[in-house]
Amino acid sequence: MFPRTAQQQWWFLEPEEKDRSQALGLRLAIAYHERDADEVARLLPADDDEIRLVMGALENGLLALNQFEPPGTPDQVWERVTPIIDASAPKVLVPRMRAMLAAMSHALYTATLGEVYERKEQDPYTGAHLFAAITAMRADDHGGSLERMKQKADELEAPRDSTA
């Protein structure tokens, strides 16, 4: 079975590719957290396959975090993440990110979650940005999270020791 979703594809990557996409996702989330619109616009690669992998890495991280500590109700998430989106996302993406977030929030209460996730898979550029903004929002949940994100991104980007 070939992995179908970006999240599944990320798990089948070589370690170096996983590290790169995860580091890029963390850097994007950091830029969102710092409200650095120029860095946000610069960070995502133009290659669709790479964008999907960044989205998959961010989605995997959020799913793991949400297992331990849910982010709150959809309304609370909306109130916390939309200011981040509005301040930092490329202006052309803001309506698409807000629409995807609204659809995901609504789908939690209906049977349409699969349809919403299919939409995300069809627009990984928006999905990657949305998950980065949500990750940025979650960085405020605990003191020191942003510093840990920066350290982890640096660690993932460091050259691997091939003799180990």
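Residues numbered from 1 in each chain as written. Predicted model: local features only at pLDDT ≥ 70, side-chain atom pairs only at ≥ 80, totals over all residues. Heavy atoms only, no water.

Moving on to the overall build of the protein chain. Each helix and strand counted, the protein chain has nine helices and zero strands in total. In the protein chain, the succession of helices and strands from N to C terminus is α-α-α-α-α-α-α-α-α. Taking 164 residues into account, the globule formula puts the C-alpha radius of gyration at 15 Å, and the protein chain, at 15 Å, falls close to it. With the principal axes as the frame, the protein chain shows a C-alpha extent of 50 × 40 × 35 Å. In the protein chain, buried positions account for 45% of the 164 residues. For the protein chain, long-range pairs separated by at least 24 residues make up 75% of all intrachain contacts whose partners lie at least 6 apart in sequence. Accessible surface computed for the protein chain: about 9,000 Å², of which carbon and sulfur atoms make up 55%. (Helix = DSSP H or I, 4+ residues; strand = E, 2+ residues; numbered from the N terminus. Rg over C-alpha atoms; globule rule 2.2 N^0.38 Å. Buried < 20%, exposed > 50% of the residue type's maximum accessible area, 1.4 Å probe, protein only. Contact = heavy atoms within 4.5 Å. Areas by Shrake-Rupley, 256 points an atom, 1.4 Å probe, with all protein chains shown as cover.)

Tyr32, Val81, Ile85, Met97, Leu130 and Ile134 are the most contacted members of the largest nonpolar core, which has 44 residues in total. At the level of secondary structure, the elements contributing two or more residues to this core comprise α2 (15–33), α3 (37–43), α4 (48–68), α5 (74–88), α6 (94–107), α8 (124–138) and α9 (145–157). If we ignore the near neighbours within four places in the chain, the residues touching Leu130 are Ile85, Met97, Met100, Leu101 and Met104. (Core = buried A, V, L, I, M, F, W, Y, C linked by side-chain atoms within 4.5 Å.)

Quick look at the environment of Thr73 now. Following the sequence through the fold, Thr73 ends up in the loop between α4 and α5. Since its relative accessible area comes to 38%, Thr73 is described here as partly exposed. Separated by ten residues in the primary sequence, Thr73 and Pro83 place their C-alpha atoms 17 Å from one another.

Before going further, it helps to spend a moment on the confidence of the model for the protein chain. Residue-level pLDDT values for the protein chain average 87, and 93% of them are 70 or greater. Confidence scores differ between elements of the protein chain, with helix α7 (residues 113–122) showing the lowest mean pLDDT of 81 and α2 the highest of 94. (pLDDT = per-residue confidence, 0-100.)

Glancing now at the environment of Asp75. Along the chain, the position of Asp75 falls in helix α5. Spatially, the C-alpha atom of Asp75 lies 9.8 Å from that of His106, the residues being 31 residues apart in sequence.

Moving on, we come to the packing of α5 against α6. Look at α5 against α6: their axes get within 11 Å of each other, and the N-to-C directions meet at 170°. One way to sum up the angle between α5 and α6 is to call them roughly antiparallel. When α5 is examined against α6, the residues Pro74, Val77, Trp78, Val81, Thr82, Ile85 and Asp86 are found in contact with a partner set consisting of Val94, Met97, Arg98, Leu101, Ala102 and Ser105. By residue class, the composition of the contact of α5 with α6 is nine nonpolar, two polar and two charged. (Axes fitted to C-alpha atoms, helices over the stretch in contact; angles between N-to-C directions. Parallel < 35°, antiparallel > 145°, perpendicular 65-115°, else oblique. Nonpolar A, V, L, I, M, F, W, Y, C, P; charged D, E, K, R; others polar.)

By secondary structure assignment, the location of Thr5 is in the segment before α1 (6–11). For Thr5, a relative accessible area of 15% corresponds to the buried category. Leave out the neighbours within four places in its chain, and Thr5 touches Arg52 and Glu121.

All right, on to α8 then. When the terminal C-alpha atoms of α8 are compared, their 20 Å separation across 15 residues agrees well with the 21 Å that a helix rising 1.5 Å per residue should span. The buried fraction of α8 amounts to 14 of the 15 residues, a majority that puts the element mostly inside the structure. (Expected span 1.5 Å × (residues − 1).)

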